[in-house]
Amino acid sequence: MAKIGINIATGSIQKEDAIVGIDLGTTNSLVAIVREDSRQAIALKEIDGMSLVPSVVFFDEQNQAQVGTAALEKLLSHPERTIYSAKRLMGKSYKDLSQDSHFFAYKIHDDATDALVKVQIDDQFYSPIELSSLILKELKSRAEHVLKMPVNRAVITVPAYFNDTQRQATRDAGKLAGLDVLRIVNEPTAASLAYGIGLDPNEEKTVAVYDLGGGTFDVSILKINQGIFEVLATNGDTYLGGDDLDRALVVYWKEQLEKAGIACDHSSILQQLRLSAEQAKKELSSASTASTIIAGQTLNIDIETFEGLIQPLINRTLQSCQQALQDAQLRIDQIDSVIMVGGSTRVPAVKNSVRDFFKNEVNDSLNPDEVVALGAAIQADILAGNNTDMLLLDITPLSLGIETLGGLMDVLIPRNAKIPNKAGRQYTTSQDGQSNLLINVYQGERDQVAHNRKLASFSLRNIPAMPAGLPKIDIQFLLDADGILKVSATELRSGLAQEISIKAQYGLDDSMVEQMLLDSLTHAKDDMQMRALIEASTEAEQMISTTEKFLSKYAEAINKEELEQTNIQIEQLKNRIALKDKDGIQKNTELLNEITRPFAERVMDIALKDAMSGKKIL
Ligand code: ADP
Ligand code: MG
């Protein structure tokens, strides 16, 4: 199967490109690749030697975004325009966050009509997906700069506890950044891969991944068997991380300053304290003392005192580890390896405490703030087919589906699905007594089949006469290991069946696939609106036709007033359809539905009820 890439920035299509691994972190993000020559995973560094990009976005007065270190610097001067921790907002509704809103210095929009949160700056609203996509875009362009080649495909990591909505949001952010997200991988899985755990298909292992980042703590217990990673348990604290270690030192130094008669309520002093504390904390990871000067006062800290300050925080992480083990129903001695992840595991007291807790050596030879990205790069390399020792499943380059009423594409096997694959769905007819059903099979990403590529069409003939909506037509797609698609249609009530084989790739070269993908990206928004309108109109037209049929057939079942009301609603709905007013169509369809529901109940006409539901083919 073809694997292709599009450079969204230039609109050009690229054959040769790199597949990268991305750790999209709460505090810091970074990109890694597997080097072609040495086959080693490395984090990409800009000339400044930095691999980490702070996950911060700043918007200036013109709504121009800055990302990374430049944005981080704005946190002090423009807190209301500087977004940090966007990852905490991914896939969240305002309700989900109501407990945490004090954490954010920027404005989280509370919109009762919109389920997912947005961040407000001036009169602009930004979704967490957009914010994350800006970070991903920055990472993509950095990687392109360092590698001097286009970067279009990526593996992105997420916490093991992320739900489907959060994972989908991460995928969407990637797509918005012009990245083809080949896979979303759990952070602890990536960390294990970086240490080579899980690469040997014959290996069976249970590992604990301890991840203490900037603002969050996660522990995951994974079981690895034949290259499959199973998450047995996760635990942690979404508000416990390196920032809290800094805060412990800030409190300690603040007392000293106040004892010396220096007032600390000024925000610039507090800010200096915070930055110096983080600096000192980092120094203490490799030295026994650290100091700073604030407001002319020298402040000291030695390692023993610091460890005393932070031990209660470390103990909280160990309690989470205890809980995770309990949930996984494992004893400490059943954990084969412990992996250290996150910048804060550089703190020696953290390392020692974890070692003592698990009564085991810990894996800490790799850079703990790069290890997740390194693992993502290894996964990307496997998907690219470079690592031939690993089993690689092929994927479909374009979605496969059939045409439904209104000329819409109904996808059965989505793009990037594994090959071989199987999918099925039930459909019905749109006309009374319809005896032939035309099944049009398409390939492509657009919502309207007219923009996609027709692969084949065949008819299911001699369907016994039934009212519209009554036949149950089961369509099955079977994509075999060679990329051959078999489509079968069976009318379940009569058992009538028909089948066709299609070579899905036939006649479609890489550049055509690329062009189709590019189109789907550029038209994504229009397509979505168009699909919503077509769906609403189709449903409304069905509703009108069913109602009209009903009125003529069961005139005696309804009174004059009801008839008048119904006709008015039908007229209004027709107007809305003519105006292409999607919201109006939906509202009036609902109204018509409400008015006519009692009639249907009165007559108990099964055909009518059935006709009102179910997707219809031509
Ligand atoms: P996240 O996964 O949340 O994006 P990271 O893994 O990048 O975060 O960790 C960031 C945290 O690591 C920060 O709190 C930072 O202060 C801390 N950190 C980085 N280097 C060191 C060090 N040498 N010693 C102690 N803490 C460190
Ligand atoms: Mg992290």
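Everything below is about the structure shown above.
Given the structure is predicted, the values throughout are model-derived calculations rather than measurements. Position numbers for residues start from 1 in each chain and track the written sequence from start to end. The lettering of chains begins at A and the numbering of ligands begins at 1, in the order of writing. Note on the predicted model: pLDDT of at least 70 is required for a residue's local features to be given, and 80 or more for side-chain atom pairs to be given and counted; whole-chain, interface and lining totals, by contrast, use all residues. No hydrogens and no water enter the side-chain calculation; it runs on all heavy atoms of the structure.

Asks: Please explain the site of ligand 1 as it appears in this structure.
Replies: A cutoff of 4 Å decides nearness: a residue is near a molecule or strand if any of its heavy atoms lies inside that distance of it. In the neighbourhood of ligand 1, 18 residues make up the surrounding shell, with Thr27, Asn28, Glu278, Lys281 and Ser285 lying closest. Polar contact is defined as a pair of N or O atoms within 3.5 Å, subject to the rule that within protein one atom must be able to donate a hydrogen and the other to accept it, and that residues adjacent in sequence are counted only when both atoms are side-chain atoms. The backbone of Thr27 places a nitrogen or oxygen atom 2.8 Å from an oxygen atom of ligand 1. Protein coverage of the free-state accessible area of ligand 1, which is 580 Å², stands at 90%. Helix and strand labels come from DSSP, where a helix needs a run of H or I of at least four residues and a strand needs a run of E of at least two; each type is numbered from the N terminus. If you list the elements that add at least two residues to the shell around ligand 1, you get α7 (242-259) and α8 (267-283). Among the elements that take part in the shell around ligand 1, α8 stands out by supplying three residues, more than any other. Class assignment of the residues belonging to the shell around ligand 1 gives a composition of one nonpolar, 11 polar and six charged. The protein chains shown are the only cover counted for residues, whose accessible areas, like all others here, come from Shrake-Rupley with a 1.4 Å probe. Residue polarity is assigned by list, with Asp, Glu, Lys and Arg as charged and Ala, Val, Leu, Ile, Met, Phe, Trp, Tyr, Cys and Pro as nonpolar; anything else, Gly included, falls into the polar class.

Asks: Quick question: what am I supposed to make of the side chain of Thr292 here?
Replies: Tracing the sequence through the fold places Thr292 in strand β18 (residues 289-294). A polar atom in the side chain of Thr292 sits 3.4 Å from the side chain of Ser276. When checking whether two residues touch, look at their non-hydrogen atoms; a contact exists if any pair is within 4.5 Å. Apart from the residues lying within four places of it in its own chain, the contact partners of Thr292 are Trp253, Ser276, Gln297, Thr298 and Leu299.

Asks: I tried to follow the sheet that holds strand β28 (residues 453-460) on my own but got confused; where do I start?
Replies: Within a sheet, adjacent strands bond to each other through the backbone by hydrogen bonds, running parallel or antiparallel. The strand order β24-β23-β27-β28 describes an open sheet built from four strands, whose pairing is antiparallel. Of all strands in the sheet, those bounded by a partner on one side alone are β24 (408-413) and β28. This sheet shows a mean twist of 30° between the axes of neighbouring strands, independent of strand direction. Whether two strands pair depends on DSSP finding at least two bridges between them. As paired elements, strand β23 (residues 400-404) and strand β27 (residues 437-443) share three bridges and run antiparallel to each other. Bridge assignment links Gly401 to a residue of β27, and that residue is Tyr442. Helix axes use the C-alpha atoms of the stretch in contact, all axes being lines fitted to C-alpha atoms, and the angles between their N-to-C directions lie in the range 0 to 180 degrees.

Asks: Would you mind going over the environment of Leu134 with me for this structure?
Replies: Residue position: Leu134 is located in helix α4 (residues 128-147). Along the primary structure Leu134 and Val57 are separated by 77 residues, whereas in three dimensions their C-alpha atoms are 7.6 Å apart.

Asks: What am I meant to see in the nonpolar core here?
Replies: A general trend in soluble globular proteins is that nonpolar side chains are found buried together. What is meant by a nonpolar core is a set of buried Ala, Val, Leu, Ile, Met, Phe, Trp, Tyr and Cys residues, joined one to another through side-chain atoms within 4.5 Å. Residue exposure (1.4 Å probe, protein chains only): buried if accessible area is under 20% of the type maximum, exposed if over 50%, otherwise partly exposed. By size, the foremost hydrophobic cluster in this structure holds 45 residues, and its most contacted members are Val354 and Phe358. Beyond its immediate stretch of four places on either side in the chain, Val354 contacts Tyr210, Leu318, Val338, Met340 and Val362. Grouped together as the second largest cluster of nonpolar side chains are 44 residues, Ala18, Phe58, Ala143 and Val158 included.

Asks: Please clarify how the packing of helix α13 (residues 524-553) against helix α14 (residues 560-579) should be interpreted in this entry.
Replies: Relative placement of two packed helices is described by the angle separating their axes and the distance separating the axes. Here α13 crosses α14 at 155°, and the two axes come no closer than 11 Å. The pairing of α13 with α14 is recorded here as roughly antiparallel in orientation. As for how α13 packs across α14, the hand of that crossing is left-handed. For the pair formed by α13 and α14, the contact residues are Ser537, Ala540, Glu541, Ile544, Thr547, Glu548 and Leu551 on the first element and Leu563, Thr566, Asn567, Ile570, Leu573, Lys574 and Ile577 on the second. Looking at the contact of α13 with α14, its residues break down into seven nonpolar, four polar and three charged. To sort the angles, those under 35 degrees are grouped as roughly parallel, those over 145 as roughly antiparallel, those from 65 to 115 as roughly perpendicular, and the leftovers as oblique. Should the near helix be turned anticlockwise from the far one by less than a right angle, the crossing is left-handed, and should it be turned clockwise, the crossing is right-handed.

Asks: Explain α7 to me, please; I cannot follow it from the model alone.
Replies: Residue count minus one, scaled by 1.5 Å, sets the expected span of a helix. End to end, α7 covers 26 Å across 18 residues, agreeing with the expected 26 Å (1.5 Å per residue, within 8%). Looking only at α7, the buried set comprises Gly242, Asp244, Leu245, Asp246, Ala248, Leu249, Val250, Trp253 and Leu257. Packing partners of the buried residues in α7 comprise α8, β18, β19 (297-302) and α9 (303-328).

Asks: Just checking my understanding: could you explain the pairing of β19 for this structure?
Replies: Regular strands show a simple pattern: their side chains alternate between the two faces of the sheet. Both β18 and β19 contribute to a ladder of six bridges, which runs antiparallel. For Ala290, the partnering residue across the bridge sits in β19 and is Ile301.

Asks: Teacher, can you tell me more about the packing of aromatic side chains here?
Replies: Geometry of an aromatic ring pair is reported as the spacing of the ring centres plus the angle between the planes. For this analysis, a ring pair means two rings from Phe, Tyr or Trp (six-membered ring only for Trp) whose centres lie within 6.5 Å, classed as stacked if their planes differ by under 30 degrees, edge-to-face if by over 60, and tilted for the remaining angles. Throughout the structure, instances matching the rule amount to nine aromatic pairs. For the ring pair Tyr84 and Tyr106, a centre distance of 5.2 Å and an interplane angle of 75° mean the geometry is edge-to-face. Pair noted here: Tyr84 is in strand β9 (residues 82-84) and Tyr106 is in the loop between α3 (94-97) and β10 (107-109), with a separation of 22 residues, a long-range link. The burial state of Tyr84 is the same as that of Tyr106; both residues are buried. Judged by centre distance (4.8 Å) and plane angle (55°), the rings of Tyr210 and Phe217 are tilted. In this structure Phe217 comes out as buried when scored by relative accessible area, which is 0%. Three or more aromatic residues joined by ring pairs form one cluster here, namely Tyr84, Phe103, Phe104, Tyr106 and Tyr239. A positively charged side chain is recorded as over a ring if its NZ (Lys) or CZ (Arg) lies within 6 Å of the ring centre. The angle to the ring normal must also be within 35 degrees. Lying over the aromatic face of Phe58, Lys74 brings its terminal NZ or CZ to 5.2 Å of the ring centre. Above the plane of the ring of Phe103 lies Arg88, whose end atom (NZ or CZ) is 4.4 Å from the centre.

Asks: Got a minute to help me understand the pairing of β23 in this structure?
Replies: Among the five residues that make up β23, five are buried, leaving the element largely enclosed by the rest of the structure. As defined by bridge partners, β23 adjoins β24 across five bridges and the pair is classed as antiparallel. Each bridged residue has a counterpart across the sheet, and for Gly401 the counterpart in β24 is Val411. Where β23 folds back onto β24 in an antiparallel hairpin, the turn is made up of three residues, including Gly406, whose phi is positive at roughly 95°.

Asks: Explain unusual backbone geometry to me, please; I cannot follow it from the model alone.
Replies: Note on backbone geometry: most residues besides glycine have negative phi, and most peptide bonds are trans. Within the chain, Arg39 stands out as a residue other than glycine whose phi angle is a positive 60°. With respect to the helices and strands, the residue Arg39 is situated in the loop between β4 (28-34) and β5 (41-43).

Asks: Would you take a moment to explain α14 for this structure?
Replies: Counted at 1.5 Å a residue, the expected span for α14 with its 20 residues is 28 Å, and the 29 Å between its end C-alpha atoms agrees. Along α14, the residues classified as buried are Thr566, Gln569, Ile570, Leu573 and Ile577. Relative to the axis of α14, the buried residues are bounded by an arc of 105° and lie together on one face. Exposed side of α14, more than 90 degrees from the buried face: Lys560, Glu561, Ala578 and Leu579 are the residues found there. The opening residue of α14, the one whose side-chain oxygen lies 3.2 Å from the backbone nitrogen of Glu561, is Asn559. In the segment just after α14, Lys580 is the residue with positive phi, at about 55°. This arc corresponds to the set of directions leading from the helix axis out to the C-beta atoms.

Asks: I would appreciate a short explanation of the packing of α4 against helix α5 (residues 164-176) in the present structure.
Replies: Viewed as axis vectors pointing N to C, α4 and α5 meet at an angle of 50°, and their least axial separation amounts to 8 Å. Taken as axis vectors, α4 and α5 run oblique relative to one another. When you trace α4 past α5, the crossing you get is right-handed. Here α4 contributes Ile129, Glu130, Ser132, Ser133, Leu136 and Lys137 to the contact with α5, which in turn contributes Ala169, Asp172, Ala173, Gly174 and Leu176. Considered class by class, the residues forming the contact of α4 with α5 number five nonpolar, three polar and three charged.

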